[in-house]
2 protein chains.
Amino acid sequence: MAQLHCQLTQLTQLTILTKRQVFGVPGDFNLALLDHIYEVEGIRWAGNTNELNAGYAADGYSRIKRLAALVTTFGVGELSALAAVAGSYAEHVGLLHVVGVPSMSAQNKHLLLHHTLGNGDFTVFKSMSGRITEHASVITDITTAAEQIDKAIRTAYIYQRPVYLAIPANLSDVKLDADLLRQPINLELEPNPPEAEAEVIEVVAEMVLKADHPILLIDACASRHNVMKEVAEIARVTQFPVFTTPMGKGSFDEHDPRFGGVYVGSLTLPEVAKVVEHADLILSFGALLSDFNTGSFSYHYDTKNIVEFHSDSTKIRSATYPEVKMQLILDKVAKRLSALPQKKLCEVPPYPPLIKATPESPLKQEWLWTRLTSWLRKGDIIVSETGTSNFGIIQTKFPQGAVGISQVLWGSIGYSVGALVGATMAASEVDPSRRVILFVGDGSLQLTVTEISTLVRWGLKPYIFILNNDGYTIERLIRGEKATYNDVHMWKYSKLLDLFNAKDHDALQVSTTGELDDLFNDAKFASPTKIRTIELFLPQMDAPTNLIKQAKITAATNSE
Amino acid sequence: MAQLHCQLTQLTQLTILTKRQVFGVPGDFNLALLDHIYEVEGIRWAGNTNELNAGYAADGYSRIKRLAALVTTFGVGELSALAAVAGSYAEHVGLLHVVGVPSMSAQNKHLLLHHTLGNGDFTVFKSMSGRITEHASVITDITTAAEQIDKAIRTAYIYQRPVYLAIPANLSDVKLDADLLRQPINLELEPNPPEAEAEVIEVVAEMVLKADHPILLIDACASRHNVMKEVAEIARVTQFPVFTTPMGKGSFDEHDPRFGGVYVGSLTLPEVAKVVEHADLILSFGALLSDFNTGSFSYHYDTKNIVEFHSDSTKIRSATYPEVKMQLILDKVAKRLSALPQKKLCEVPPYPPLIKATPESPLKQEWLWTRLTSWLRKGDIIVSETGTSNFGIIQTKFPQGAVGISQVLWGSIGYSVGALVGATMAASEVDPSRRVILFVGDGSLQLTVTEISTLVRWGLKPYIFILNNDGYTIERLIRGEKATYNDVHMWKYSKLLDLFNAKDHDALQVSTTGELDDLFNDAKFASPTKIRTIELFLPQMDAPTNLIKQAKITAATNSE
C-alpha cells in the first residue's frame, strides 16, 4: 500500500535523470499534498514567488524535459496560474496542473469556505480550467485514483498539453494500492492506421521524385513532439535545404550546411524568401501557422505541393490523413526517401553577417543580434521575450545543440523570466555546464521580475540580458511612440540581484558596441560561474527591422 | 456624435470628484482604446506592473470609491487578472473589467492570432470570465453599444460585483451617438415591494419591543452597499451595543461608546462573546458568513431571533423577504425604532488594553496590534493582508472614520499590496491628508511586490509595514513549522524603494518594542510626507492567539 501522493513518482518514470522539480506555491488546501513531496527521493519543491511565475517556470522546464508538474491551491492559486496554463495549451507544452481543493465533506456541505466565491459552488474553477486544458478532473473515488493520476500524466505527455487534476485535501493522506507504481506508465502512442500510413509514405516519395526545388520547413511542434532527430535524418538523406519558422528556431542545427534560415512570410530576408517561395515541394513539420509566426499569414509559396506532418494527422495538399502522426511515420519516411536518387539542389542563402559598428557606437538592436552569434556556444539554451527580443533573435545564428525558448503564439509578456527559471532548473539536471541565457525588455521584466529570486535561492547561474529601452517599445511601434501608457517606471535594474540577496553575482551595464564587444570577448564572462544581469541601454524606438514591419501589419489588422 | 470610448466618462458620473483612475496594462488589442482615455479630462491611466496587481489595485480603489475600471488585453492579459476579478466577485466589490479583443473581422475569420489558443475559438475567455462576474458581454453592434456600456456600469455598481465587457479593436475608433452621455446613468435600485417592506419594519419593531438584550452586528456588505450611515443611525436611536465581524471591521465608529468589539465565533475574546452570545435579538447587516469571518462557522447565539438585512433580501428567523433590500429600508427602520421606548441595555465590553512590554523586548504580534491603536488617527485607511495581519488587526481599535481593507473571504495572498495602491490613489482623490497604511507579511509581499513601483511612479506616500517572520507563518501554523515549502527566500526588503527609484523615502527596520514605540511617538514619522517601508522583525512562529486557534480548526477541516 502506498499513499496517493506517491503516484507523483510516476513522473520520474518519464525521464532518465533523477532530480525532479515540482513548481508552485503552497496554500492551505495543498499543504498535506506538499508534505509528501519530500518523501519522494529526487523531487524538489521549487517554491516560486507566485503562481503565474510558477506556471511559466513549469512551461520552461517542460520545454526541455517534456513534462512539468505545477501545484497550486484552490481558487486563489489556480486562477493566478491560468494565463500560464493557457499558454502551455496554445504552445503545446506538457504540464500537469495539480490543485489542492477543499475536502469532499466541505464540498458536499457547500460550506462558505475561504478561497471560494462565497456561493457554495465548488465546480467553478475546474470548469474554467477545463476550457484551456486537454482534460480536467477531480479525484473523488480513491479506488480509481491511481488510474486517474496515470491517465492525467499520460494525457499531458502524449498530447503535450496541460491537464488539470484536483485532489481534495482529505484524500492527500489516504493510502491506496501501489501496484501501478511498479510498472511504467504506458506512454506509447496508438499506432498509425497502417494503410493510411503506407499511402502517405508512397505519395510523399512520388512527390519528392517529381520535385526540382524541394525544401524542409520546421515549426513549433517538431520540438514539442520530439521529432527533431527524425527530421534531421530526413534532411541528411535528402540533403534538401532546411528552414525553420520563428517558433521552430533551434529545432535544427543552424551550422548544418543545408540550413537556410528563418522563414516568416513577408518579414523574411529576401534571399531566404526567394528559396522558400520558389520551392515546388515543401515538407512541413509541426506547423503552427499563427500571425507572428508567419509574418501575419503572409506565406507566399509558388507551390501547392505541401506535406504537413502534425502530431495528430498528416495533410498532403488538401487531403487529411487523420491519426497519421508524425512521431510514428517520420523514420519510415526517412528510410523511404533515402532509397531515392539524389537531386541537384539549390544553394542555401548565407546567414546575415555581422553588421559593422565602431566601438563608440551606441548599442543598437541590429548589431546586437548578429554580434550575439559568435558569443553563443554549443548547447546554449536561449530564452527570448515577446517584444524586440523575439524578433531580434531570428537574426542570430544558433550554435549546434542550442535550444530556443520563446512564446510566439501566446505571447504573454513576462513569460520569459519564469521560463528562464524552469529552463535553468532543467539544464542543471541534464547538464550543469550548459548555459541558459535570457533576453528580456525592461517593460516585460517588470511583470514577473520576482522570479529571479528563485534563481538566487537555488544558486542557479543564468545570464539575464535586460534590454532597457525605457518602456513597451513593441507597443510604441504598433500605436505611435507618444502614447504615455507605454511608459514604464524606470527602475535601478542593476540592484535587482542584491535585493534578492544574491551573494556572488555581477550586475553589468552596457551602452556601446565596444563595451559589449569587450564583454563577449572576455573568457571569464563566457563561463557561467555566477548569476549575472547585463543591462543593455538601447534607444527607445530602436527595434529589429522585421518587428517594425510586423507592428505596422498588426496595427492595420486591429483596425480592420 | 462621440466616440465609443467617451462612454468611459460615464464613470465620472458615479462619484463627486474629478480625478479618476483607470487600472490595467497595455496590450496591442486595447491600445486604440487607451489612446482615448487621454482625451477624457480627469481620467488617469495607472499603468500597473502586471494585470493581477492591476486587478487588486482596482479592487482596493473600488472599496473607497464604490466602482473601479480595469483594462486588459485579450487572452494573456485578462486571464492574468482572473484571480483578482474572482476576489471582487466573492467579496462584493464593484468593478468594470474592460478587455480589448481582436477585431470582429479577425474573429469572424477565426484567424490564428497571437494571444489565442491557436484553435480559432474567440469565445473561450469571455466564457471563463462569465463564471466569476455578474455579467459578461462583448460589444458587437455599434448601434446598441452605448446602452450596453451603460448597463455594464450600472450592473457593476448596483450589485457591487465585477462585470466583463469586451471591446473589439476595430470598434475602439468608431463614432456613436453621444446622447446617453448627456444624462446620468440610472443607478437607482428597483423599489422594495411596499407590502413586504412594511411588514418587515413592523415585525422588526415588535421583536425589538420584546427583546431584553438586543445587539447590532455589522458585516462586510454594510460597507460594500454603503449603508454605514443608516446603521449608525439605528445604533444612535436604539443605543444597542454594536459589534462587527472581521470583514465588517471599520464599518462603525469604534470610539462610539456603544461599540463592543469584533465577533468571530469561538475565536472571540470571552467578554465580547458573552454579550453577543447571550443576546436575545440580533439585527445583522450585510452578513457574509464565511469560515474565517465566523471562527469556522462557530457562531453560538442563544437566540433564534435574528434579522438579516442583505443587499438583495431580508431574512427574519427562517422567513425570507425577497427583494427587500437593506439600502432602501434601513432609514425607515431607524425612524420606526426611534419611536419606541428606550430600554435598559447591557454594558459593552472594553477593547483589549495595551499589552505590557519592556523597551528591550523583541517585537511580538500581541503587543504590536494593541500598541498600534494609539498611533492610528482619524480617517486612516488600514490595509491588512491574509495571514497574521488580518487576524492581528482585530486587536487594534480603529479611530473615527477609519476604513479597514482586507480580503477575509477570498484570501488571496499578495492582494493587500495591490489594494494598497488602489486605496492610496482613491485617498489622494478624496482627501490627500488621509494616511494609508499597509500591514503585509514577507511571504505575501513577494507575490505582488512590484506594485510598490506604481506608488513611487505617482509620488504616493503610504506606510508599508513589512512583517518579516521569514516565510509563510500562517501555513506553518496550519501544517507544522518544519515544512520547508513554507520557507521563502530572504530578501533585503530595505532596498525595495531604492530599486524602484524612489527619491525621497525612508526604509526603516525595527526589532524591539522600544524602537517601535519611539517611531510611533515621533511626530515626523506620523506625517505622511514620504513613502516609507518599515520592516518589523518578528519571531518565525509568533502569531496572534486567534490565528493560532483558527489554524488548528482549518487543519482539522481539511482532513475531514
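Please read these numbers as outputs of a predicted model, since none were measured by experiment.

Conventions we followed
For every chain, the first residue of its written sequence is number 1, and the numbers climb from 1 along that sequence. Labels follow written order: the first chain is A, the first ligand is 1, and so on. In view of the model being predicted, local features appear only for residues whose pLDDT reaches at least 70, and side-chain atom pairs are presented and counted only at 80 or more, with totals across whole chains, interfaces and linings using the full set of residues. Calculation of side-chain values draws on the structure's entire complement of heavy atoms; hydrogens and water are dropped beforehand. The domain boundaries here were taken from an automatic or database domain assignment. Here the quantity called buried area is the total loss of accessible area, with a 1.4 Å probe, experienced by two parts when brought into contact, counted for both. A side-chain nitrogen of Lys or Arg and a carboxyl oxygen of Asp or Glu constitute a salt bridge if their distance falls within 4 Å. In protein, a polar contact requires one atom able to donate a hydrogen and another able to accept it; more generally it is a pair of N or O atoms within 3.5 Å, and residues adjacent in sequence count only if both atoms are side-chain atoms. The helix and strand labels rest on DSSP assignments: H or I over at least four residues marks a helix, E over at least two residues marks a strand, and numbering proceeds from the N terminus. For every residue, the accessible area (1.4 Å probe, protein chains only) is compared with the maximum for its type, and the residue is labelled buried under 20%, exposed over 50%, or partly exposed between those bounds. Two strands pair if DSSP finds at least two bridges between them. Orientation is described by axes fitted as lines to C-alpha atoms, over the contacting stretch for helices, and by angles from 0 to 180 degrees between their N-to-C directions. The contact criterion used is simple: two residues touch if any of their non-hydrogen atoms lie within 4.5 Å. Think of it like this: strands point away, you trace from the first strand over the helix to the second, and a clockwise trace means the crossover is right-handed. Superposing copies: least-squares fit, C-alpha atoms only, residues required to have pLDDT of at least 70 in both.

This part takes up the domain arrangement of chain A. All names here are of chain A. Looking at chain A, the domain boundaries give domain 1 (9-181), domain 2 (194-339) and domain 3 (365-558). For domain 1 versus domain 3, the separation of C-alpha centres amounts to 30 Å. Together, Arg44, Tyr56 and Ile64 form the three largest contributors to the area buried by domain 1 at its contact with domain 3, with a combined 27%. Inspection of the region where domain 1 meets domain 3 yields 2 salt bridges. Our enumeration of links across domain 1 and domain 3 arrives at 17 residue pairs in polar contact (both at pLDDT 80 or more). Breaking the side of domain 1 that touches domain 3 down by element, the ones donating at least two residues are strand S2 (20-24), strand S3 (43-45), helix H2 (51-65) and helix H4 (82-90).

Residue and element names in this part refer to chain A. In terms of burial, strand S21 (residues 531-537) is a largely internal element, 6 of the 7 residues being buried. Here 6 bridges tie strand S19 (residues 463-468) to S21, and the two strands are oriented parallel to one another. Within S21, the position partnered with Ile464 by the bridge is Thr533. Here 6 bridges tie strand S20 (residues 505-510) to S21, and the two strands are oriented parallel to one another. When the sheet's bridge partners are listed, Gln509 is paired in S21 with Glu535.

Residues and elements named next belong to chain A. The final tally for this structure, using the stated rule, is 42 salt bridges over all chains. For Asp506, the salt bridge goes to Arg532, with nearest N and O atoms at 3.5 Å. Taken together, the positions of Asp506 in strand S20 and Arg532 in strand S21 put the pair 26 residues apart, joining distant regions of the chain. Taking relative accessible area as the criterion, Asp506 reaches 21% and is therefore assigned partly exposed. What makes Arg532 buried here is its relative accessible area of 3%. Several salt bridges converge on common partners, so that one network encompasses Asp59, Arg63, Glu91 and Arg224.

Within a sheet, neighbouring strands are paired by backbone hydrogen bonds and run either parallel or antiparallel to one another. Residues and elements named next belong to chain B. With respect to topology, 6 strands assemble into an open sheet ordered S3-S2-S4-S5-S7-S6, the strand pairing being parallel. The open sheet has two edge strands, strand S3 (43-45) and strand S6 (135-138), and neither has a second partner. Geometrically, the sheet is characterised by an average inter-axis angle of 20° between neighbouring strands, direction not taken into account. As defined by bridge partners, strand S2 (residues 20-24) adjoins strand S4 (residues 68-73) across 3 bridges and the pair is classed as parallel. Looking at S4, one finds that Val22 is bridged to Ala69. Packing of helix H7 (residues 145-159) onto the sheet brings it into contact with strand S5 (95-101), S6 and strand S7 (162-168), and relative to S7 it is tilted by some 160°.

Our focus in this paragraph is the pairing of S2 of chain B. Residue and element names in this part refer to chain B. Most of S2 is tucked away, with 5 of its 5 residues classed as buried. Judged from the 3 bridges that link them, S2 and S3 form a sheet pairing that is parallel. Across the sheet, the residue bridging to Gln21 is Arg44, located in S3. Chirality of the crossover, the property in question, places the unit of S2, helix H1 (residues 31-37) and S3 among those that are right-handed.

The interface of chain B with chain A comprises 90 residues on the first partner and 89 residues on the second. With both sides pooled, the region where chain B packs onto chain A buries about 7700 Å², and carbon together with sulfur makes up 58% of that total. Three residues, Arg131, Tyr485 and Leu499 of chain B, lead the burial of chain B against chain A; their summed loss comes to 10% of the area buried on that side. Linking chain B with chain A are 6 salt bridges, by the criterion used here. Taking the shortest distance from any N to any O, the salt bridge between Lys495 of chain A and Asp498 of chain B comes out at 2.7 Å. Viewed at the interface, chain A and chain B are joined by 36 residue pairs in polar contact (both at pLDDT 80 or more). The element best represented in the side of chain B that touches chain A is helix H4 (residues 82-90) of chain B, accounting for 5 residues.

Before going further, it helps to examine the relation of the copies chain B and chain A. One copy of the chain maps onto the second through a rotation about an axis and a displacement along it. Of the transformation placing chain B onto chain A, the axial shift is 0.0 Å and the rotation is 180°, giving an RMSD of 0.0 Å. Such a combination of rotation and displacement between the chain copies is what one expects of a two-fold axis. Rotation axis and chain B: the residue whose C-alpha lies nearest the axis is Met128 of chain B, separated from it by 2.6 Å. With an isologous cut-off of 70% or more, the 99% of interface residues of chain B that recur at the interface of chain A puts this contact in the isologous class.

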